[in-house]
Amino acid sequence: MRYPFMRELPIGITDFVEIRSKNYYYADKTRFLSKLARTTGGFFLTRPRGFGKTLLLDALDCLLRGRRELFKNLWIDDSDYDWAPRPVVRLDMRRVIANDLTTMEEKLRVLLEEVAREAGVQLKPDDSTTPLGGLMTLLLESLQNKEAAPEKKVAAKTKAAILIDNHEAPVISHLNDPAKAQLFGRSVGKFYSSLISNVDTVNLVLLTGVNRLNPDSIDHWLDYYFDLTLDNEYATVCGFNETDLKELIRDHTDKTIEALIQDQILPPLSEVNELRQLVRDWYAGYSWDGETWVYNPTSVLSFFQKAKIAPYWSASAWPSCPDLLGSIVREDPNWLNDRIFVPESKTEITDLTLIPPETLLFQNGYLTIKEIIDRPYETNKIRLEVPNVEVKAALAPLAPPLNLADEPFEALKWAKAARDRLFRLNPKTVQEAFRLYLERFTDPSFTDRDFERFFKAALDLVGQKFEFYSNTAEGDLDLHFKGPEDSRFIVQLKVYDETKPPKSSDSTAADSPAQDLSPALSDSDLESERLEKALGSLAKTALNQITEKYAYKFVDAGHMVILVVLVLARRTTVLAKFRCMFPQ
């Protein structure tokens, strides 16, 4: 079925001319383009892959060349921009990636000569011996002289703009060999430093990339450029905002909701607000100022094209999750569950031999800024968190205790089914819900803390809002989260290890190990009914304890409280005790 008024989705298209000359959707960034085009100096911007940096440069290229017809009906078309054409040098540093330095420099030389030919100017015959920085100077002078030719009746020479995409590509491709990366870094760093010195022929230099490299070993060339990465005024220069999402939903609502209902992601009576919230939970949450946030454009466009929830961006992002995080998560499964605080200086790579994982994760889009803490007389502190469900779904399989489905779309349906059972608020479905969660455990050494992490990841997948408290005044509380109609779930987890004898027979602390609350059992007792009886006694005792410790304060505050004690034994036995308490 063809839906009316639907603009094409420019997935993988970074050519501004193609997008504007055909019926493709374009998120209007011309306010930023206008400001950049009027600015003088050297500038630097990083964003993760798939956020539109190349398209941004292509649109700026067209703007600087005065191609007003491409900007019809955009913000800048009604502004006071003068549309005077200027020469532009556009470079993509992915084209100069090489295994050795000589080849890399030769590729860059060939690239500059290609730009000259396309611009209709010719470099001198002996340019093969000219340093790369000098070759750029000759190119800029030739472009300027061409623009000031008498036949063009230009009274003054026009300064050029230099736009460089993927600036770090020649260096980052050798991160597995830090010494080699530093060698390449010194070469390209020297080249980038030379661009700023062309004050007579250049008034704008803009470099974009994914990684912010500023190590001591490559001479701090970035110090010559003003970094726009964390600049508040450019926080939304890449990515989709709420207006963009509203326009996409307007064009694609019927098709998308129809497909999602068929996949049982949304109930039959879904509305636009539910669709918007689903997209927000999965693909929003990125911020570079800690205040305003944007959507991942690659993921949003792919979602509306396929009408299916999936980790589109994270499935193809570089570096891949397993390569980057596998060993980290295995050593500390809690690592990504905690808020990460780093000094602002850790947003750049200063040592190619020892790159902090949080720095690489932030630069590549697996973490984003949730808060910038201003500290007078000190470097600002930044709170980093995983931005959204898409990234969480990609990261979850890395922690062995979590072991979510390999296909995140299937994991989403599974987690939604488990949550729906849990929120029906009766003992049978509560136990069914926990059984669904436990089916995902494959590691026989799991603990109650592993289950907590798993439970949190599952709630994240379905966008469930939750609260987790521990070390309360009454004692340690395993899980506490909000349910439907502002109800409160309190969950205590007990792992009964039949291979170990109980520590004591008189322990009554609710946060003690399960075996402290149970009687000693002989081998024969572990066979059938006696085990179930022992587990039932343990669950009942623990349930009474958490009722006394935690339930009444929530009931007194007017909340319905659902208390659950889950006892695990033999890695396959599940016993849940359930109690519902209503406010007076």
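Reading guide: rules and limits
Residues numbered from 1 in each chain as written. Predicted model: local features only at pLDDT ≥ 70, side-chain atom pairs only at ≥ 80, totals over all residues. Heavy atoms only, no water. Helix = DSSP H or I, 4+ residues; strand = E, 2+ residues; numbered from the N terminus. Buried < 20%, exposed > 50% of the residue type's maximum accessible area, 1.4 Å probe, protein only. Contact = heavy atoms within 4.5 Å. Areas by Shrake-Rupley, 256 points an atom, 1.4 Å probe, with all protein chains shown as cover. Axes fitted to C-alpha atoms, helices over the stretch in contact; angles between N-to-C directions. Parallel < 35°, antiparallel > 145°, perpendicular 65-115°, else oblique. Left-handed = near helix turned anticlockwise from the far one by under 90°. Pairing = 2+ DSSP bridges. Salt bridge = Lys/Arg side-chain N within 4 Å of Asp/Glu carboxyl O. Phe/Tyr/Trp six-rings, centres within 6.5 Å; stacked < 30°, edge-to-face > 60°. pLDDT = per-residue confidence, 0-100. Polar contact = N/O pair within 3.5 Å; in protein donor to acceptor, adjacent residues only side chain to side chain. Expected span 1.5 Å × (residues − 1). Bend = angle between axes of the 7 residues up to and from the residue. Core = buried A, V, L, I, M, F, W, Y, C linked by side-chain atoms within 4.5 Å.

Once that is clear, we can look at the overall build of the chain. Within the chain, the secondary structure is distributed over 17 helices and twelve strands. The buried share of the chain, taken over its 584 residues, is 54%. Contacts in the chain between residues far apart in sequence, at least 24 positions, make up 66% of those at least 6 positions apart. Of the roughly 26,700 Å² of accessible surface on the chain, a fraction of 48% belongs to carbon and sulfur atoms.

A separate point is the packing of helix α4 (residues 101-119) against helix α7 (residues 178-196). Here α4 crosses α7 at 25°, and the two axes come no closer than 10 Å. Judged by the inter-axis angle, α4 sits roughly parallel to α7. Where α4 crosses over α7, the handedness of that crossing is right-handed. Between α4 and α7, the residues in contact are L101, M104, E105, L108 and L112 and L183, F184, S187, V188 and F191, respectively.

At W83, a position not held by glycine, the phi torsion is positive, near 65°. The topology assignment puts W83 in the loop between α3 (53-64) and β2 (88-92).

So, about the pairing of strand β6 (residues 340-343). Residues I340 and V342 line the buried face of β6, whereas the alternating positions F341 and P343 sit on a face that is not buried. Bridge count for β6 against strand β8 (residues 381-385) is four bridges, and the pairing is antiparallel. Across the sheet, the residue bridging to V342 is I382, located in β8.

So, on to the environment of I13. Mapped onto the fold, I13 is located in the segment before α1 (16-21). Judged by its relative accessible area of 16%, I13 is buried. In this structure, the C-alpha to C-alpha distance between I13 and Y24, residues eleven residues apart in sequence, is 9.5 Å. Leaving out residues up to four positions away in the same chain, I13 has contacts with E18, I19 and Y24.

Under the criterion given, the structure shown has 16 salt bridges. A salt bridge links R95 to E114, with the shortest nitrogen-to-oxygen separation between them at 2.9 Å. Taken together, the positions of R95 in the loop between β2 and α4 and E114 in helix α4 put the pair 19 residues apart, joining distant regions of the chain. Salt-bridge contacts for D227 lead to R212; the nearest nitrogen and oxygen are separated by 2.3 Å. Of this pair, D227 sits in strand β5 (residues 226-227) while R212 sits in the loop between β4 (202-209) and β5, and the two are 15 residues apart along the sequence. Relative accessible area serves as the criterion here: at 13%, R212 is assigned to the buried category. Each of the salt bridges in this network shares a partner with another, and the network as a whole consists of D58, D61, R65 and R90.

Two numbers describe a pair of aromatic rings. These are the distance of the centres and the angle of the planes. Under the criterion given, the structure shown has 17 aromatic pairs. Between F71 and W83, the ring centres sit 5.6 Å apart and the planes meet at 55°, which makes this aromatic pair tilted. Taken as a pair, F71 in the loop between α3 and β2 and W83 in the loop between α3 and β2 lie far apart in primary sequence, twelve residues in all. Look at W83 and you get buried, because its relative accessible area is 8%. A connected cluster of aromatic rings, assembled from ring pairs, spans F16, Y26, F71, Y81 and W83.

What follows is about the sheet that holds strand β7 (residues 368-373). What the three strands build is an open sheet, ordered β6-β8-β7; its pairing is antiparallel. In the strand order of this sheet, the two ends are held by β6 and β7, each with one partner. Sheet twist, expressed as the mean angle between neighbouring strand axes with direction ignored, is 30°. Relative to β8, β7 runs antiparallel, the two being bridged by five bridges. Opposite T368, over in β8, you have E385 as the bridge partner.

Attention now goes to the confidence of the model for the chain. In this model, the chain carries a mean pLDDT of 78, and residues with pLDDT of at least 70 account for 71%. Confidence over residues 399-406 falls short of pLDDT 50; this stretch has 22 contacts with residues more than four positions distant or in other chains. Contacts for the low-pLDDT stretch residues 501-526, under 50 throughout, to residues beyond four places or in other chains number 43 contacts.

When you tally the buried positions in helix α10 (residues 297-306), you get seven out of ten residues, the bulk of the element. Buried within α10 we find P297, S299, V300, L301, S302, F303 and F304. Backbone nitrogen of T298 and a side-chain oxygen of the N-cap are separated by 3.1 Å at the start of α10; the cap is N296. Residue A307 follows α10 closely and has a positive phi angle near 55°.

Over its 21 residues, helix α8 (residues 242-262) extends only 26 Å from the first C-alpha to the last, a length that falls short of the 30 Å expected when each residue adds 1.5 Å. Along α8, the sharpest kink reaches roughly 70°, centred on H252. Within the span of α8, buried status applies to D244, L245, L248, I249, D251, H252, T253, T256, I257, A259 and L260. Looking at where α8 begins, the residue whose side-chain oxygen comes 3.1 Å from the main-chain nitrogen of T243 is N241.

Moving on: the nonpolar core. Counting residues in each nonpolar core, the largest one holds 51 residues, and the members touching the most others are F16, L60, L63 and F71. It is α3 that provides the largest number of residues to this core, a total of eight residues. If sequence neighbours within four positions are ignored, L63 has contacts with L33, S34, A37, F71, I76, Y81 and W83. Counting 43 residues, the second-largest nonpolar core is a separate cluster that includes L112, V115, L175 and I349.

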